[in-house]
Amino acid sequence: MHIRTRFAPSPTGFIHLGNLRSALYPWAFARHNQGDFILRIEDTDVERSTQEAVDVIIEGMAWLGLDLDEGPIYQMQRIDRYRAVVKQMLDAGLAYPCYMSEAELNKLRDQQMANKEKPRYNGQWRPESGKTLPAIPEGVLPVIRFKNPIGGSVIWEDAVKGKIEISNDELDDLVIARPDGTPTYNFCVVVDDLDMNITHVIRGDDHVNNTPRQINIMKALGGTPPVYAHLPTVLNDSGEKMSKRNGAMSVRDYQKAGYLPEAILNYLARLGWSHGDAEIFTKEQFVNWFDLGSLGRSPAQHNPEKLLWLNHQYIQNADPADLAEATKPFAHELGIDTENGPDFVQVVALLKDRANTLIEIAEGAKLFYLPAPVHSSEEIAENIPAEIIPALKDLIEAIQSAEHTKAAYGAAFKEVLAKHQIKMPALAMPVRYALFATTQTPAIDSVLLVIGKNEAVARLSKVV
Ligand code: GLU
């Protein structure tokens, strides 16, 4: 079987990480099986769909490297096709016009509720042999309803939830087209999944209730239902359903906050799927390992600290040149001219072990690109104890004659410390102050390596 999966978002608002997880799994399943992955934009809710949401989805997927074989396919561009299938179903007697007005439907529902029955359409306009239908009211445009099977049940083996059985008595005759002829949501999904030869539908479990209806329509159309895998929801860190209202961040927000796409992908992969106790893995490993059988059955919970930790792991292990490229936009945002001053790759290499985000690297890098500090003599007197001056002078000399390596600069410090019988902080603090007018910098030998011998000596010479 040639595997075909799809991600079918409705671009009706805020796209959070949990939404993109619903793209990641079908993508991984398609890639694992050398199948096809399709993006279908379910934009028939014209009032709530926005181009902005479509852009966020497409950019977010591209950022994570979820490549497409087909699409984006927009449902709004397939309306003629849906209308044609509605007509085909009417002609085949699989669907029928229903003239029950809104007011009648409401009345029916009120009666059923009063009798403690489940509100459902009563089949008044459903043609049956030997049944006489009411006279067609004048000037009323009908909805089109699907003739749901009567009796029996719909059964499917959900790849996540196991066997699910829903009695047909629970399902009334679904409206597949509105009075103005526009097709309804569940109907479009069925036509698309059939037309696109989708073999596996991997989606959020908020769609479990739609599935038996979709399966019935699909079978009526002569199709074979795909395998369904319904993913448990992603909860936020306080255990609520993720939403913008309770602080969920969009994919774009994570990008802007300096997260690496590799870290986000790894994090999302683990949000409801596992492979033994593997926590950190490459995209290739994920694709190799991915299977529907290892999807979790209970809701996954978003854990921002874990995501930050993963981001740190990815930053720490990244190739400095790649990381520098990824950090540049953040550095430029902070006004750092990465082309003027120390080699940016070296600066990034120096900072990466302690940074959780690209923004933190950029902030740490700032120091190295500021102009040399100008200290007044009062400031020097305040920050550099007079008794340390001889040691500083020796240090300048030791640095000058040292090789330009981290080890050699380290040795220069040691030699001066030993000679003057002082401890590292007593010397390092004044050096940091002289170099940058601050007391906090990465390891001082590495700092010298990055800013360079001449610059270091020039700055130190101004305070002795
Ligand atoms: N458009 C639906 C949603 O965004 C998904 C439909 C489906 O995957 O079948 O929730």
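Residues numbered from 1 in each chain as written. Predicted model: local features only at pLDDT ≥ 70, side-chain atom pairs only at ≥ 80, totals over all residues. Heavy atoms only, no water.

As annotated in an unreviewed UniProt entry, the protein is Glutamate--tRNA ligase from Polynucleobacter duraquae. As stated in UniProt under Catalytic activity (unreviewed entry), the record for the protein gives "tRNA(Glu) + L-glutamate + ATP = L-glutamyl-tRNA(Glu) + AMP + diphosphate". (UniProt positions renumbered as here; feature names shortened; annotations may be inferred.)

J.: How do you make sense of the site of the ligand when you look at a structure like this?
T.: Close to the ligand lie R6, A8, P9, S10, E42, Y185, R203 and H207. Measuring from a nitrogen atom of the ligand, one finds a backbone N or O atom of A8 at 2.7 Å. Interatomic distance of 2.8 Å between a side-chain N/O atom of H207 and an oxygen atom of the ligand. The fraction of the free accessible surface of the ligand (300 Å²) that becomes covered by protein chains is 82%. (Near = heavy atom within 4 Å. Polar contact = N/O pair within 3.5 Å; in protein donor to acceptor, adjacent residues only side chain to side chain. Areas by Shrake-Rupley, 256 points an atom, 1.4 Å probe, with all protein chains shown as cover.)

J.: Sorry if this is basic, but what is going on with the pairing of strand β5 (residues 143-146) here?
T.: Across a regular strand the side chains alternate sides, sitting on one face of the sheet and then on the other. Where burial is concerned, the two faces of β5 agree: the one with V143 and R145 and the one with I144 and F146 are both buried. Pairing of strand β4 (residues 95-98) with β5 involves 4 bridges; the strand directions are antiparallel. Of the residues in β5, the one forming a bridge with P97 is I144. Both β5 and strand β8 (residues 175-177) contribute to a ladder of 2 bridges, which runs antiparallel. When the sheet's bridge partners are listed, I144 is paired in β8 with A177. (Buried < 20%, exposed > 50% of the residue type's maximum accessible area, 1.4 Å probe, protein only. Helix = DSSP H or I, 4+ residues; strand = E, 2+ residues; numbered from the N terminus. Pairing = 2+ DSSP bridges.)

J.: For this particular structure, what's the right way to read the pattern of salt bridges?
T.: Pairing is possible between side chains that carry opposite charge, provided their charged atoms lie close to one another. With the rule as written, the count across this model stands at 26 salt bridges. One salt bridge connects R4 with D36, and the closest N-O pair in it is separated by 3.0 Å. Of the two residues, R4 sits in strand β1 (residues 4-7) while D36 sits in strand β2 (residues 36-41), which places them 32 residues apart along the sequence. Like D36, R4 is buried. Among the salt bridges present, the one from E279 reaches K306, with a minimum N-O distance of 2.9 Å. (Salt bridge = Lys/Arg side-chain N within 4 Å of Asp/Glu carboxyl O.)

J.: How do you make sense of the environment of L20 when you look at a structure like this?
T.: The residue L20 is located in helix α1 (residues 17-32) in this model. What makes L20 buried here is its relative accessible area of 0%. With 41 residues separating them along the chain, L20 and M61 place their C-alpha atoms 7.6 Å apart.

J.: In this structure, what is going on with the nonpolar core? I would like to understand it.
T.: In a soluble, globular protein the nonpolar side chains are often hidden away together inside. Within the largest apolar cluster, 103 residues are counted, with the highest numbers of intra-cluster contacts made by F286, F368 and L435. Here this core gets 9 residues from one element, more than from any other, and that element is α1. Leave out the neighbours within four places in its chain, and L435 touches P373, I444, V447, L448, I451, A456, R459 and L460. If you look at the next biggest cluster of nonpolar residues, it comprises 28 residues, including A95, F146, L171 and I198. (Core = buried A, V, L, I, M, F, W, Y, C linked by side-chain atoms within 4.5 Å. Contact = heavy atoms within 4.5 Å.)

J.: Can you help me understand the UniProt feature "domain: Aminoacyl-tRNA synthetase class I anticodon-binding" (unreviewed entry) in the protein in this one?
T.: UniProt feature "domain: Aminoacyl-tRNA synthetase class I anticodon-binding" (unreviewed entry): in the numbering of this structure it lies at residues 323-463. Across residues 323-463 one finds 68% helix and 0% strand; the C-alpha atoms that close the span lie 35 Å apart.

J.: Honestly, the packing of aromatic side chains in this entry has me stumped. Any pointers?
T.: In this description, a pair of aromatic rings is defined by centroid distance and the angle of the planes. Scanning all chains against the criterion turns up 12 aromatic pairs. Through successive ring pairs, a cluster of aromatic residues spans Y25, W273, F281, F286, W289 and F290. In this arrangement the basic side chain of R145 is found over the ring face of Y121, its NZ or CZ atom lying 3.6 Å from the centre. (Phe/Tyr/Trp six-rings, centres within 6.5 Å; stacked < 30°, edge-to-face > 60°. Lys NZ or Arg CZ within 6 Å of the ring centre and 35° of its normal.)

J.: Looking at this structure, I do not really get the UniProt feature "short sequence motif: 'HIGH' region" (unreviewed entry) in the protein. What am I missing?
T.: What UniProt calls "short sequence motif: 'HIGH' region" (unreviewed entry) maps, in this numbering, to residues 9-19. In this annotation, residues 9-19 is assigned 27% helix and 0% strand; the end-to-end C-alpha distance for the span is 8 Å.

J.: I keep staring at the sheet that holds β4 and nothing clicks. Help me out?
T.: Each strand in a sheet pairs with its neighbour through backbone hydrogen bonds, running either in the same direction (parallel) or in the opposite one (antiparallel). The strand order across the open sheet formed by 3 strands is β4-β5-β8, and the pairing between neighbours is antiparallel. Two strands lie at the open edges of the sheet, namely β4 and β8, each paired on one side alone. Each strand axis lies, on average, 45° off the axis of its neighbour in the sheet, ignoring direction. (Axes fitted to C-alpha atoms, helices over the stretch in contact; angles between N-to-C directions.)

J.: Can you walk me through the side chain of N236 in this structure?
T.: Topologically, N236 is positioned in the loop between β11 (234-235) and α7 (251-256). Judged by its relative accessible area of 4%, N236 is buried. Separated by 2.9 Å, the side chain of N236 and the backbone nitrogen of S238 make a polar contact. In terms of polar contacts, N236 uses its side chain to reach the side chain of N246, at 3.3 Å. Those residues within four positions of N236 in sequence are excluded, and the remaining contacts are K241, M242, N246, Q301 and H302.

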